[in-house]
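Coordinates in review
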Amino acid sequence: MSETEPAGWRDYRPSKRVWAWSMFGASALTMFIGFTLGGWLPVGRANVMANIAARNARAALVADNSYHQPMLRKTWRR
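Residues numbered from 1 in each chain as written. Predicted model: local features only at pLDDT ≥ 70, side-chain atom pairs only at ≥ 80, totals over all residues. Heavy atoms only, no water.

Focus on the overall build of the protein
Looking only at helices and strands, the protein has 2 helices and 0 strands in total. Expressed as a percentage of the 78 residues in the protein, the buried residues total 1%. In the form shown here, the protein has an accessible surface area of approximately 7600 Å², with 65% of it arising from carbon and sulfur atoms. (Helix = DSSP H or I, 4+ residues; strand = E, 2+ residues; numbered from the N terminus. Buried < 20%, exposed > 50% of the residue type's maximum accessible area, 1.4 Å probe, protein only. Areas by Shrake-Rupley, 256 points an atom, 1.4 Å probe, with all protein chains shown as cover.)

Right, here's the structure in full:
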C-alpha cells in the first residue's frame, strides 16, 4: 500500500460520541424490528398468553376427566 492511497475503514477510529450514538441506534433498530416483525412479546402480553394457555389446559383436563369418569364407574360395577 502506498502513502497516497486512502486507508479506508481499517484505520477509522470513531469518537466516543459517534460510537455511543451508533450503539443506541443499533439497539433501537433491533428492538423495533424484533417487536414488530420478529414476534417478540412484552412481559405483560406473554403473561396473559401463559395464563390463557394454563386455563385452556385445565379446562381440557376437566373435560377429559368428566367424560371418562362415568365409563370407569360402569366397569367397576361389574
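Considerations on the packing of aromatic side chains
For the coordinates displayed, the defined rule picks out 3 aromatic pairs. With 5.7 Å between their ring centres and 85° between their planes, W9 and Y12 make a pair best called edge-to-face. With a centroid separation of 5.6 Å and an interplanar angle of 90°, the aromatic rings of W21 and F24 are classed as edge-to-face. Taken together, the residues W21 and F24, both in helix α1 (residues 16-36) and 3 residues apart, mark about one turn of the helix. (Phe/Tyr/Trp six-rings, centres within 6.5 Å; stacked < 30°, edge-to-face > 60°.)

Notes on a nonpolar patch on the surface
Judged by side-chain polarity, L29, F32, I33 and L37 come together as a nonpolar surface patch covering roughly 460 Å² of accessible area. Position of I33 relative to the elements: it lies in helix α1. Taking relative accessible area as the criterion, I33 reaches 41% and is therefore assigned partly exposed. (Patch = residues over 30% accessible without salt bridge, like charges linked within 9 Å, V, L, I, M, F, W, Y side chains within 5 Å. Salt bridge = Lys/Arg side-chain N within 4 Å of Asp/Glu carboxyl O.)

Purely geometric stuff here, so don't read any function into it on its own.
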